[in-house]
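# Inside the fold
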Amino acid sequence: LLESARLVSDEQIVLFVSTEAIAGDDVGENTEEEISSLIPSLSWKKNYSVLQTQAATKEDLQIDLYNHKPHILILSGKVGKQGLEFFLPEGGKTEIPAQYLTTYFEYHVEYLSLVLLLTENSQRLAQTISRLGIFTIGMAPDVPTETIHTFAQKFFLFLHLTQNIKKAFMEVTRALST
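Bear in mind that the values here come from a model prediction, so they are computed numbers and not experimental data.

Closest axis-to-axis distance for the helix α4 (residues 98-106)/helix α5 (residues 123-130) pair is 9 Å, and the angle between their directions is 45 degrees. The angle between the axes of α4 and α5 places the two elements in the oblique class. The hand of the α4/α5 crossing is right-handed. For the pair α4 and α5, the contacting residues are Ala98, Gln99, Leu101, Thr102 and Phe105 in the first and Leu125, Thr128 and Ile129 in the second. Residue classes in the contact of α4 with α5 are distributed as five nonpolar, three polar and no charged.

On to the packing of helix α6 (residues 145-162) against helix α7 (residues 165-177). Where α6 contacts α7, the two axes come as close as 8 Å, and the packing angle between them is 135 degrees. As judged from the angle between their axes, α6 and α7 are oblique. Crossing hand, α6 versus α7: right-handed. Of α7, the residues touching α6 (which contributes Thr150, Phe151, Lys154, Phe155, Phe158, Leu159 and Thr162) are Ile165, Lys167, Ala168, Phe169, Glu171, Val172, Ala175 and Leu176. Taken together, the residues that form the contact of α6 with α7 break down as 10 nonpolar, two polar and three charged.

So, about the pattern of salt bridges. Note on pairing: side chains with opposite charge can pair once their charged atoms come close. Inspection of every chain in the model, using the stated rule, returns one salt bridge. Its salt-bridge partner being arginine 174, residue glutamate 171 comes within 2.9 Å of it at the nearest N-O pair. Taken together, the positions of glutamate 171 and arginine 174, both in helix α7 and three residues apart, correspond to about one turn of that helix.

Following the sequence through the fold, glutamate 20 ends up in the loop between β1 (12-18) and α1 (32-38). Residue glutamate 20 is classed as partly exposed on the basis of its relative accessible area of 29%. Setting aside residues no more than four positions away along its own chain, glutamate 20 makes contact with Gln54, Ala55, Ser76, Gly77, Lys78, Phe87 and Lys93.

To continue, consider the confidence of the model for the protein chain. Of all residues in the protein chain, 79% have pLDDT values of 70 or greater, and the mean over the chain is 81. When mean pLDDT is compared element by element in the protein chain, strand β7 (residues 135-137) scores highest at 95, while helix α2 (residues 40-43) scores lowest at 53. Low confidence marks residues 24-31, where pLDDT is under 50. Its contacts with residues over four positions away, or in another chain, come to 12 contacts.

Ordered in space as β2-β1-β3-β6-β7, the five strands form an open sheet in which the pairing is parallel. Looking along the sheet, the strands with just one partner apiece sit at the ends: β2 (48-53) and β7. Taking the axes of each pair of neighbouring strands and ignoring which way they run, one obtains an average angle of 15 degrees across the sheet. Note that β1 and β2 share six bridges and pair parallel. Bridge pairing links leucine 15 to leucine 51 in β2.

All right, on to the packing of aromatic side chains then. Within the structure shown, the criterion is met by five aromatic pairs. On the numbers, 5.5 Å between centres and 70 degrees between planes, the contact of tyrosine 100 with tyrosine 104 is edge-to-face. Of this pair, tyrosine 100 and tyrosine 104 both sit in helix α4, four residues apart, which is roughly one turn of the helix. Looking at tyrosine 100, the relative accessible area reads 42%, which means it is partly exposed. Consider the rings of phenylalanine 135 and phenylalanine 169, whose centres lie 6.0 Å apart with planes at 65 degrees: the pair is edge-to-face. Of this pair, phenylalanine 135 sits in strand β7 while phenylalanine 169 sits in helix α7; the two residues are 34 residues apart in sequence, bridging distant segments of the chain.

About the thresholds
- Residues numbered from 1 in each chain as written.
- Predicted model: local features only at pLDDT ≥ 70, side-chain atom pairs only at ≥ 80, totals over all residues.
- Heavy atoms only, no water.
- Axes fitted to C-alpha atoms, helices over the stretch in contact; angles between N-to-C directions.
- Helix = DSSP H or I, 4+ residues; strand = E, 2+ residues; numbered from the N terminus.
- Parallel < 35°, antiparallel > 145°, perpendicular 65-115°, else oblique.
- Left-handed = near helix turned anticlockwise from the far one by under 90°.
- Contact = heavy atoms within 4.5 Å.
- Nonpolar A, V, L, I, M, F, W, Y, C, P; charged D, E, K, R; others polar.
- Salt bridge = Lys/Arg side-chain N within 4 Å of Asp/Glu carboxyl O.
- Buried < 20%, exposed > 50% of the residue type's maximum accessible area, 1.4 Å probe, protein only.
- pLDDT = per-residue confidence, 0-100.
- Pairing = 2+ DSSP bridges.
- Phe/Tyr/Trp six-rings, centres within 6.5 Å; stacked < 30°, edge-to-face > 60°.

So, in structure tokens, the structure goes:
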């Protein structure tokens with residue numbers, strides 16, 4: 001984790017990128033409810049714009065970062081041995097190594113304040129991304145999906161209340177450890 005955290009401004013663009021399809025949904029449809037369940041404090045507020053891409057390719061991520069210039073990026077998917085798995089445009093999946101994936105974020109550090117990796121075993125990927133000066137949160141191996149969702153819900157509630165990423169992180173870790 002990065003020790004310094006920028007204050008959250010009044011208007012936030014939140015980009016939720018899932019590298020997997022949500023079971024039972026058509027790709028790109030009906031995911032607002034799932035996203036809202038993860039980040040309810042954001043979806044209820046007028047000063048947040050929550051955008052999403054599901055079953056994302058690495059190109060989708062690059063285009064979304066460039067077009068939307070998010071303040072907060074939430075990545076959900078499967079972490080492999082080297083990095084994050086993405087869909088291939090022609091079908092199938094590929095793993096993008098952490099070092100290569102980090103190059104996607106280099107050009108966005110001026111506005112990207114937070115990268116939240118909502119997937120188990122994403123700590124190493126978080127450490128690599130945080131070297132760019134972006135506050136990055138990853139999850140330990142074997143963290144149940146329910147725990148990850150609880151963490152996200154509480155984190156965004158504290159983020160809304162404190163308007164500070166580091167304070168929100170400290171508050172949610174304190175709340176979950178008791």
